[in-house]
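Structural overview
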Amino acid sequence: MSELMERFSELSVSPLIPSLPNDVTLDIVARVPRSHYPTLSLVSKSFRKLIASSKLYKRRSQLGITQNRLFAVLRNSNTGDFSLYILHRKLNCTNRLVLVQSLPTMSSRGSYVPVGSKVYVFNDIDALSIDCTSHTVQPIPDIPQRMSFKVVNAVGKKVYVLGDSFCHVIEEGGGWWKGWRKAVTVFDTETQSWGAKLVKEDMAVGLGPFWSDSVVMDGKVYLKGCINRNSFVYGPVGKKWEVMDETMNSEDWEGACVVDDVLYYHDCSGKAVLRAFDRKQRCWSVVNGLEEFLGAETAQSKWCDAVSYGEKKLALFFPKKHDGSKVICCAEIALERRQGGEIWGQMESCDVVVDDGVSELVKCVAVSV
């Protein structure tokens, strides 16, 4: 009874829908696709309060009807501001990136990682979490120690921050190379606390610790170096560092994502193709069925970012010229493994999501809400 009274006080004293109790309305709205919530919030102040209520998203979770939503960090090249946008399907069924106005500008040095319905942002020292259900920000404990060239990845409910302590020169065999003390620290999103820092001594990384990309597969963090021999794998179980598989490291993958334990990335180096690496079979392949679409839409793109977007699906962000202006597009691609092991893709939609000519994509993430 107390929970019901709390629900009434949080949402509205009067019925949201005449002749229906508010708890029934809550169940109805919980079953509405999340993409329609911005429109529902315009109905009234009471509905706007309902859409922002944590009770609504708790009920959605109880009903098992959470959805994947895409968020993107964009940089305005005129002002230098970094802001968070959400991919919203408009009434005409086209997708657009819409500014989340309730949030402050983002840090230019932030690293972003999604866990459940939140996006965690790690700056040089301070850190915060963004609740993607209510579009609010909460501070979290600061990173225990500054780490340079860090990357962040989530394995389960824990966020692994991998970076460098300091560099020193090591002489060996008449020559020298740079050694970095690699540091790993873990943030537990359930306890909201940091674990002890683990330091790996004298990891040879040649010219520097620069990573072009990182992904998580099979519970391990794969870090792709800008120079091929500088690619490593970190396994949280056993806290082990390993050199990346030679075959996986043979491609210059960047802007990659993992869907069903297969890594995908758009190869911009030659003919526009979507490549796939099967970790179990240790081989690369080209995703079939997308040749015509990619050849027409992404052949001139200097970068493409892929993000896992629901079951057997990815979203591909890429820049192009449209009516003489620079725009950012987003294509939703369904993936299917057919008999014989071949992977096929089907383009389900492709929209211009930003057309202001000044926005640059920094990071895109998928969040379950």
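An account of the accompanying structure is given in this report. Because the structure is predicted, anything quoted here is derived from the model rather than measured.

1. So, the sheet that holds strand β21 (residues 305-308)
Each strand in a sheet pairs with another by means of backbone hydrogen bonds, the pair being arranged parallel or else antiparallel. A sheet is described by the order of its strands in space; here four strands give the open sequence β21-β22-β23-β24, paired in antiparallel fashion. For this open sheet the edge positions go to β21 and β24 (343-354), each flanked by a neighbour on one side alone. Pairs of neighbouring strands in the sheet enclose a mean axial angle of 25 degrees, with direction left out of account.

2. What about the nonpolar core?
Counting residues in hydrophobic clusters, the biggest one holds 22 residues, and the most contacted among them are Tyr 264, Leu 274, Val 287, Leu 294, Leu 314, Leu 316 and Leu 335. Of all the secondary-structure elements, those providing two or more residues to this core are β17 (257-259), β18 (262-267), β19 (273-278), α7 (291-297), β22 (313-322) and β23 (325-337). Element by element, the count of residues in this core is highest for β23, at five residues. When residues no more than four places from it in sequence are discounted, the contact partners of Leu 294 are His 266, Ala 272, Val 273, Leu 274, Ala 299 and Leu 316.

3. Considering the pattern of salt bridges
Summed over the entire model, instances satisfying the criterion amount to 13 salt bridges. Between Glu 251 and Arg 275 there is a salt bridge, and its shortest N-O distance comes to 3.9 Å. Placement of the pair is Glu 251 in the loop between α6 (246-249) and β17 and Arg 275 in strand β19, with a sequence separation of 24 residues. A residue is classified by how much of its surface remains accessible, and Arg 275, at 21% relative accessible area, is partly exposed. Two residues, Asp 267 and Arg 275, come together in a salt bridge whose shortest N-O distance is 2.7 Å. Taking relative accessible area as the criterion, Asp 267 reaches 7% and is therefore assigned buried. Among the ionic contacts, a cluster of salt bridges with common partners joins Asp 218, Asp 261 and Arg 279.

The rules behind each value
Residues numbered from 1 in each chain as written. Predicted model: local features only at pLDDT ≥ 70, side-chain atom pairs only at ≥ 80, totals over all residues. Heavy atoms only, no water. Pairing = 2+ DSSP bridges. Helix = DSSP H or I, 4+ residues; strand = E, 2+ residues; numbered from the N terminus. Axes fitted to C-alpha atoms, helices over the stretch in contact; angles between N-to-C directions. Core = buried A, V, L, I, M, F, W, Y, C linked by side-chain atoms within 4.5 Å. Buried < 20%, exposed > 50% of the residue type's maximum accessible area, 1.4 Å probe, protein only. Contact = heavy atoms within 4.5 Å. Salt bridge = Lys/Arg side-chain N within 4 Å of Asp/Glu carboxyl O.

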